[in-house]
Amino acid sequence: QVQLVESGGGLVQAGGSLGLSCAASGRTLSSYIMGWFRQAPGKEREFVARIRSSGRTYYADSVKGRFTISRDNAKNTVALEMNSLRPEDTAVYYCNCVAEGNDYWGQGTQVTVSS
C-alpha cells in the first residue's frame, strides 16, 4: 500500500507562487511514476504533471512553463512548484502514484487563486 499526503495549498493572488508537497509512506517511490492532478468545482479531474523515476517530466499544456514537478527519492516526496498562478488554476490538487499497476491518491489540498 502507498499512502500519500499533500500539503502546501492555500490562497494566493494571481501572478503569485505556491509550492505543494506530497509525502509518501508504505512504499519507496523511487521506481514509481508520480504525478499531480487537479479538480476545479464543476469540472472533471485533470492531469497536471508527472515525473518518472529518472526525473523525466511531462506537463499539461495549461501549466507548461509555469509549474515544475520534482521528486526527492531520498525523502520519498514529490513537489509541485506553481508560478504565475491564474484564477483558473483554482482547484483541489491531488498527488498520484502509479505503483505495481495501481493508482494511489492523496486526500487533496486546496489551491485558490484570487484576482
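Reading guide: rules and limits
Residues numbered from 1 in each chain as written. Predicted model: local features only at pLDDT ≥ 70, side-chain atom pairs only at ≥ 80, totals over all residues. Heavy atoms only, no water. Phe/Tyr/Trp six-rings, centres within 6.5 Å; stacked < 30°, edge-to-face > 60°. Helix = DSSP H or I, 4+ residues; strand = E, 2+ residues; numbered from the N terminus. Lys NZ or Arg CZ within 6 Å of the ring centre and 35° of its normal. Buried < 20%, exposed > 50% of the residue type's maximum accessible area, 1.4 Å probe, protein only. Contact = heavy atoms within 4.5 Å. Disulfide = S-S within 2.5 Å. Pairing = 2+ DSSP bridges. Axes fitted to C-alpha atoms, helices over the stretch in contact; angles between N-to-C directions.

**What about the packing of aromatic side chains?**
Part 1 of the reasoning: Enumeration over the complete set of coordinates arrives at three aromatic pairs.
Part 2 of the reasoning: Seen in terms of ring centroids, Phe37 and Phe47 are 5.6 Å apart; in terms of plane orientation they differ by 75°. Their pairing is edge-to-face. Here Phe37 is found in strand S4 (residues 33-39), whereas its partner Phe47 is found in strand S5 (residues 46-51), with ten residues between them in sequence.
Part 3 of the reasoning: Following the ring pairs from residue to residue traces out a cluster consisting of Phe37, Phe47, Tyr58 and Trp105.
Part 4 of the reasoning: Geometry around Tyr94 places Arg45 over its ring, the cationic atom sitting 3.9 Å from the centre.
Part 5 of the reasoning: When the ring centre of Trp105 is taken as origin, the NZ or CZ atom of Arg45, which lies over that ring, is 4.6 Å away.

**Here we look at the environment of Leu18**
Part 1 of the reasoning: Here Leu18 is to be found in strand S3 (residues 18-25).
Part 2 of the reasoning: Looking at Leu18, the relative accessible area reads 16%, which means it is buried.
Part 3 of the reasoning: Along the backbone, Leu18 and Val113 are 95 residues apart, and their C-alpha atoms lie at a distance of 9.8 Å.
Part 4 of the reasoning: In this structure, Leu18 is in contact with Gly8, Gly9, Gly10, Leu80, Glu81, Met82, Leu85 and Val111, ignoring residues within four places of it in sequence.

**Things to note about the state of the cysteines**
Part 1 of the reasoning: Scanning the model with the defined rule gives one disulfide in all.
Part 2 of the reasoning: One disulfide in the model links Cys22 with Cys95; its S-S distance is 2.1 Å. Here Cys22 and Cys95 share a disulfide; its torsion about the S-S bond, -85°, makes the bridge left-handed. Of the two residues, Cys22 sits in strand S3 while Cys95 sits in strand S9 (residues 91-99), which places them 73 residues apart along the sequence. You'll find Cys22 and Cys95 in the same group, each marked buried.

**Focus on the sheet that holds strand S7 (residues 67-72)**
Paired through their backbone hydrogen bonds, the strands of a sheet run either parallel or antiparallel.
Part 1 of the reasoning: Taken together, the four strands give an open sheet; going across it, the order is S1-S3-S8-S7, and neighbouring strands pair in antiparallel fashion. Of all the strands in the sheet, the pair left with one neighbour each is strand S1 (3-7) and S7. With strand direction ignored, the average angle separating the axes of adjacent strands in the sheet is 15°.
Part 2 of the reasoning: Direction of pairing for S3 relative to strand S8 (residues 77-82): antiparallel, over a ladder of six bridges. Paired with Ser21 across the strands is Ala79, a residue of S8.

**Points about unusual backbone geometry**
Part 1 of the reasoning: Located in the positive-phi region is Asn76, a residue other than glycine, with phi close to 60°.
Part 2 of the reasoning: Looking at where Asn76 falls in the secondary structure, it is placed in the loop between S7 and S8.
Part 3 of the reasoning: A relative accessible area of 13% places Asn76 in the buried class.
Part 4 of the reasoning: One non-glycine residue, Ser84, lies in the positive phi region at around 50°.
Part 5 of the reasoning: Overall, Ser84 belongs to the partly exposed group, its relative accessible area being 41%.

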